[in-house]
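Topology and contacts: notes
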Amino acid sequence: MSTIEDPGDERLSVTPPKTWATGLPAVTHALQYSFGQTSVRRTALTLLNINQTKGFDCPGCAWPEPAPGQRHKNEYCENGAKHISDEATSRRVTADFFRQHSISELGKKSDYWLNQQGRLTEPMIKHSGSDHYESIGWDEALGLLADELRGLDTPNEALFYTSGRLGNEAAFLLQLFARAFGTNNLPDCSNMCHESSGFALNETLGIGKGSVSLQDVHDADLIFVVGQNPGTNHPRMLSALEETKRNGGQIIAVNPLPEAGLMRFKHPQKPRGVIGRGTAIADQFLQIRPGGDLALFQALNLLLLQAEDERPGTVLDRSFIDTRTTGFADFAEHARKISWPDILASTGLTRGEIERVHARVMHSDKIIVCWAMGLTQHKHGVPTIREIVNFLMLRGNIGKPGAGVCPVRGHSNVQGDRTMGIWERMPKPFLDSLEREFGFTPPTEHGLDSVDSIRAMLKGRAKVFLGVAGNFVRATPDSDATEKAMRRCRLTAHISTKLNRSHTVCGRTALILPTLGRSDRDVQASGEQFVTVEDSMSEVHASRGRLAPASDKLLSEVAIISRLARLTLGEQLAIPWEEFEADYNTIRDRIARVVPGFEDFTARVKRPGGFRLPNPVNRGVFPTPSGKAVFTCNAFQMLQAPKGHLILQTLRSHDQWNTVPYAMNDRYRGIRNARRVVLVNPADLEELGLADRSEVDLVSVWLDGVERRASGFRVISYPTTPGSAAAYYPETNVLVPLDSVADFSNTPTSKSIVVRLEPTRERTAP
Ligand SMILES: Nc1nc2c(c(=O)[nH]1)N[C@H]1C(S)=C(S)[C@@H](COP(=O)(O)OP(=O)(O)OC[C@H]3O[C@@H](n4cnc5c(=O)[nH]c(N)nc54)[C@H](O)[C@@H]3O)O[C@H]1N2
Ligand SMILES: Nc1nc2c(c(=O)[nH]1)N[C@H]1C(S)=C(S)[C@@H](COP(=O)(O)OP(=O)(O)OC[C@H]3O[C@@H](n4cnc5c(=O)[nH]c(N)nc54)[C@H](O)[C@@H]3O)O[C@H]1N2
Ligand SMILES: [Mo]
């Protein structure tokens, strides 16, 4: 991995972290990136159509838009503008480009460089034994992929990976194709993202989705923002939190890093936001130790139980607990056993800080807990989220206005893709429904998730890999192992808009299948099409691209999947693939009959703003086996690194979209011109005898004794929680051991890697 070029490093500059987010600089930064990628006219066309009822859904995060009448005419954030300009770029990757650059040469380029080359324009093939991609026609490319699929010993030797960028229609077709072909091998980015949330919420509430609406966020008395960096990753969430504050609500931020967006917010689209100090977001900031959140909520639950003991009948919501839940008695008995020394050791907080939080809780009737990767990507991510559900249920904060659970999703349609059946373990009622509609029996054996897919490729049990709308090689853990796994495949193929590292780590044969992006106009036989997406709060709405496609050789994702399915499965099944490609309404008609909540889909989604899928939890209905919400007992766990080691989290800079860096900067954290940096608390630097800005290798320590090393990182003295460190993903994925996963959800523990820092010179010395 160390052979990959890294632009920027030499010019590293560091200033103190910012204490506010999203002001005027945010707007100018967005326009700068856009003008660097494309013309003024395309910039105007794209930016004016983001998140408007007749435009397209921002391909950035999954935070919802306000109701149609309440949207700003610029309903997007700085980072949304960057994502869309990155897609609308005027730069092009042509067949000529691949003649000039061999695959091994491209493999040495940085992720940044690969993305900057522009939009993919025509299908390409790498033949067995060749080091170059060459042009190939669509029919031939898809025919070859179909032949490879049909030639497998069992359908379970095929893998169909997706990210949450895919719209509902294409996602529905992809899972339909995989299951009609005979496998549930549908690994997705969710496996590495909110899988822990889905698992914990399914188990406790009976549905793996958030329960709150944007209105609930505005109306809450108290909101916890835990393990999440909204200033960078969900900037429009800050406007919602500002509204909460205006209505008298309070915010508690829990994070090892003092993230700018959690501290103070300046609204970029209101005059007041551009000048002045803006709104202080967090009323209380808890600088927690990594993984200490489980103990924090266990402590809060203990304090609630004790308060009820002191003033019986006044603290807990007995009527909610007695009528709607099970398991309270066991939970209460277990919860009382936690000790304060354990709580303080695990959280790194003081008892006073936790008691202050408790006081706020006691004064709040409506509480919401929001979270993201800072919780899900830990070994005990599932128990942590279960404990949050316990916490909310104690005072009846589930299923009532202004209260509830809010896992803040990543990719714009990651929640929708799951609703459409992109999941390796879709429940039986969904499979039965598919069978009724399409007349074939879907396989019932669970498929492989992302981590197990890598294992299967390594063992030669999976041989054909199709990736859709993502960058599997960089998103997954243990980069060296993953690359080895991909290279063992007979065929790797990717449906993509832009060049990325997954295209350079090839199976024996490899295909690049270029496609339309969200902002591109999509015209099929029946005319102009739109697609649909579901946001983090279950709002389903239409998305219609407006720009001329990047090349006339692009096919839509729906077209590619439909044609591939027809070539692979032939005409023997009653699935009208040609009709699906010609008119997406015909796909929606099928979704309406298969997926609950989508009745009359096409008509309802054409209304401005679309519609919200019902969440039974908000009617007091819990679709668990017992029909009740479930209190759980979660054993105390804490993260500890051996002496001389740190707990490293891998996270996003302000200038990247997942595996794709847009620039070398991380403005809010004050870092410019470098990504190979590691943020370490000054006290730890002193103890480790390391100087600020010195160069180190990060070496991860894991049970299997394999050395995983990321070389040449510059140390930056930074106010992170002592004992913890932070560095950017995907450069550090090489450090995450394949077997280091969250219990139950199998999510890589990207937020807790035990590392030691070795001065780089030690290794290079003779
Ligand atoms: N601009 C931009 N927007 C994005 C993305 C992007 O790459 N760029 N990615 C999208 C996707 S797919 C996702 S999933 C989301 C991700 O959104 P986030 O979850 O906000 O993303 P991360 O950068 O991984 O940040 C994790 C945060 O959790 C904190 N944290 C780490 N460990 C702990 C812990 O143990 N406890 C607590 N309390 N906090 C902890 C970190 O300090 C950091 O603030 O963003 C989405 N939006
Ligand atoms: N160490 C570490 N690893 C992580 C994480 C972490 O925090 N730390 N986060 C995890 C998380 S939360 C996630 S969600 C995953 C993300 O993993 P992925 O979703 O697999 O990765 P992305 O970087 O979003 O994928 C980018 C590629 O998508 C393609 N693309 C973009 N738009 C479109 C489109 O409209 N259509 C098609 N067909 N292709 C398109 C482009 O070719 C682009 O190169 O990474 C995970 N990996
Ligand atoms: Mo994600």
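These numbers come from a predicted model, not from an experiment.

What follows is about the overall build of the protein. Regarding its fold elements, the protein presents 32 helices and 32 strands. For the protein, the spread of C-alpha atoms along the three principal axes comes to 75 × 70 × 55 Å. Partitioning the intrachain contacts of the protein with sequence separation of at least 6 by distance along the chain shows that 79% fall at a separation of at least 24.

Moving on: the sheet that holds strand 30 (residues 708–717). Pairing in this closed barrel of six strands is mixed, and the strands run 24-31-28-30-29-32 around the ring. When the angles between neighbouring strand axes are averaged without regard to direction, this sheet yields 45°. Sheet analysis places strand 29 (residues 695–700) next to strand 30, joined by five bridges and oriented antiparallel. Directly across from Leu 698, in strand 30, lies its bridge partner Ala 710.

Core analysis: the biggest nonpolar cluster contains 67 residues, and Leu 145, Leu 149, Phe 160, Phe 172 and Leu 513 have the highest contact counts within it. Looking at which element gives the most residues to this core, the answer is helix 8 (residues 168–181), with 10 residues. Aside from chain neighbours lying at most four places away, what touches Phe 172 is Met 420, Leu 434, Phe 438, Ile 587, Arg 590, Ile 591, Val 594 and Val 595.

Our next topic: the site of ligand 2. Around ligand 2 sit 30 residues in total, of which Tyr 161, His 411, Ala 475, Glu 557 and Thr 659 are the nearest. In the environment of ligand 2, a nitrogen atom lies 2.5 Å from a nitrogen or oxygen atom belonging to the side chain of Glu 557. Within the side chain of Arg 652, one N or O atom sits 3.1 Å away from an oxygen atom of ligand 2. Protein burial of ligand 2: of its 940 Å² of free accessible surface, 97% is covered by the chains. Class assignment for the residues of the shell around ligand 2 results in 10 nonpolar, 15 polar and five charged. Both domains that meet at the shell around ligand 2, namely domain 1 (92–193 + 431–607) and domain 3 (639–764), each give it at least three residues.

Residues in close proximity to ligand 1 total 33 residues, the closest being Asn 255, Glu 259, Gly 291, His 378 and Asn 658. Between ligand 1 and Asp 293, the relevant distance is 2.7 Å, taken from a nitrogen atom to a side-chain nitrogen or oxygen of the residue. Computed on the free molecule, ligand 1 has an accessible area of 930 Å², of which 99% lies beneath the protein chains in the complex. Counting only elements with at least two residues in the shell around ligand 1, the list comes to helix 3 (78–87), helix 11 (230–233), helix 20 (373–376), strand 24 (646–651) and strand 25 (656–657). Here the shell around ligand 1 spans two domains, and each of domain 2 (195–407) and domain 3 (639–764) adds at least three residues to it.

What follows concerns the side chain of Gln 37. Topologically, Gln 37 is positioned in helix 1 (residues 24–37). Judged by relative accessible area, which is 7%, Gln 37 ranks as buried. Among the polar contacts made by the side chain of Gln 37, one reaches the side chain of Thr 89 at a distance of 2.9 Å. Once residues lying within four places of it in the same chain are set aside, the contact partners of Gln 37 are Ser 85, Thr 89, Ser 90, Arg 91 and Gln 116.

Counted under the stated rule, the structure contains 22 aromatic pairs. Considering the side-chain rings of Phe 199 and Phe 744, the 5.5 Å spacing of their centres and the 25° angle between planes classify their relative orientation as stacked. With Phe 199 in helix 9 (residues 195–205) and Phe 744 in the loop between strand 31 (724–728) and strand 32 (753–759), this residue pair connects regions lying 545 residues apart in the sequence. Taking the relative accessible area as the measure of exposure, Phe 199 reaches 32% and is therefore partly exposed.

With that settled, consider helix 24 (residues 450–458). Within helix 24 the residues assigned to the buried category are Ser 450, Val 451, Ser 453, Ile 454, Ala 456 and Met 457. The secondary structure elements touched by the buried residues of helix 24 are strand 6 (158–162), strand 15 (464–468), helix 25 (472–475) and helix 26 (479–487). Where helix 24 begins, the side chain of Asp 449 points an oxygen toward the backbone nitrogen of Val 451, at a separation of 3.3 Å. Directly after helix 24, the chain includes Gly 460, whose backbone phi takes a positive value near 75°.

This part takes up the packing of helix 15 (residues 293–310) against helix 19 (residues 351–362). Here helix 15 crosses helix 19 at 60°, and the two axes come no closer than 10 Å. It follows from the interaxial angle that helix 15 and helix 19 lie oblique. Here helix 15 runs over helix 19; the crossing is right-handed. Residues Leu 296, Ala 299, Leu 300, Leu 303, Leu 304 and Ala 307 of helix 15 form the contact with helix 19, whose own contacting residues are Ile 354, Glu 355, Val 357, His 358, Val 361 and Met 362. The residue makeup of the contact of helix 15 with helix 19, split by class, is 10 nonpolar, one polar and one charged.

Another point: the pattern of salt bridges. Within the structure shown, the criterion is met by 48 salt bridges. A salt bridge links Asp 432 to Lys 428; its shortest N-O distance comes to 3.1 Å. Here the residue Asp 432 and the residue Lys 428 both occupy positions in helix 23 (residues 428–438), the gap between them amounting to four residues, near one helical turn. Classification of Lys 428 by relative accessible area gives exposed; the value is 53%. Glu 483 is the salt-bridge partner of Arg 487, the closest N and O atoms lying 3.7 Å from each other. Of the two residues, Arg 487 and Glu 483 are both situated in helix 26; the distance of four residues between them amounts to about one turn of the helix. For Arg 487, a relative accessible area of 48% gives the class partly exposed.

Criteria and thresholds
- Throughout this document, residue positions are counted from 1 along each chain, in the order its sequence is written.
- All chains are assigned letters beginning with A, and all ligands numbers beginning with 1, in the order in which they are written.
- Under the rules for a predicted model, residues below a pLDDT of 70 receive no local features and side-chain atom pairs below 80 are neither given nor counted, while totals for whole chains, interfaces and linings still include all residues.
- For side-chain calculations, the full set of non-hydrogen atoms in the structure is used, while hydrogens and water are omitted.
- Under the scheme used here, helices are H or I runs from DSSP no shorter than 4 residues and strands are E runs no shorter than 2 residues, and both carry numbers assigned from the N terminus.
- Note on contacts: a residue pair is in contact if any heavy atoms of the two residues lie within 4.5 Å.
- Between any two strands, at least two bridges found by DSSP are needed for them to pair.
- Inter-axis angles, ranging from 0 to 180 degrees, are taken between N-to-C directions of lines fitted to C-alpha atoms, where helices are fitted over the stretch in contact.
- Put simply, a nonpolar core is a bunch of buried Ala, Val, Leu, Ile, Met, Phe, Trp, Tyr and Cys residues held in one set by side-chain atoms that sit within 4.5 Å of each other.
- Type-normalised accessible area, obtained with a 1.4 Å probe on protein chains alone, sets the label of each residue: buried when under 20%, exposed when over 50%, and partly exposed for intermediate values.
- We call a residue near a given molecule or strand whenever any one of its heavy atoms falls within 4 Å of it.
- Counted as a polar contact is a pair of N or O atoms within 3.5 Å, where, for protein atoms, one must be capable of donating a hydrogen and the other of accepting one, and residues adjacent in sequence contribute only when both atoms are in side chains.
- Per-residue and other accessible areas were derived by the Shrake-Rupley procedure at a 1.4 Å probe size, with only the shown protein chains allowed to occlude residues.
- Under this grouping Gly is polar, as are all residues other than the nonpolar Ala, Val, Leu, Ile, Met, Phe, Trp, Tyr, Cys and Pro and the charged Asp, Glu, Lys and Arg.
- Delimitation of the domains relies on an automatic or database domain assignment.
- Here the aromatic set is Phe, Tyr and Trp, taking the six-membered ring for Trp, and pairing holds for ring centres within 6.5 Å; pairs whose planes are under 30 degrees apart are stacked, those over 60 apart are edge-to-face, and all others are tilted.
- Geometric relationships in this document are graded by angle, where less than 35 degrees denotes roughly parallel, more than 145 denotes roughly antiparallel, 65 to 115 denotes roughly perpendicular, and other angles denote oblique.
- We call a crossing left-handed when the near helix sits turned anticlockwise from the far one by less than a right angle, and right-handed when that turn is clockwise.
- When a carboxyl oxygen of Asp or Glu is within 4 Å of a side-chain nitrogen of Lys or Arg, the pair counts as a salt bridge.

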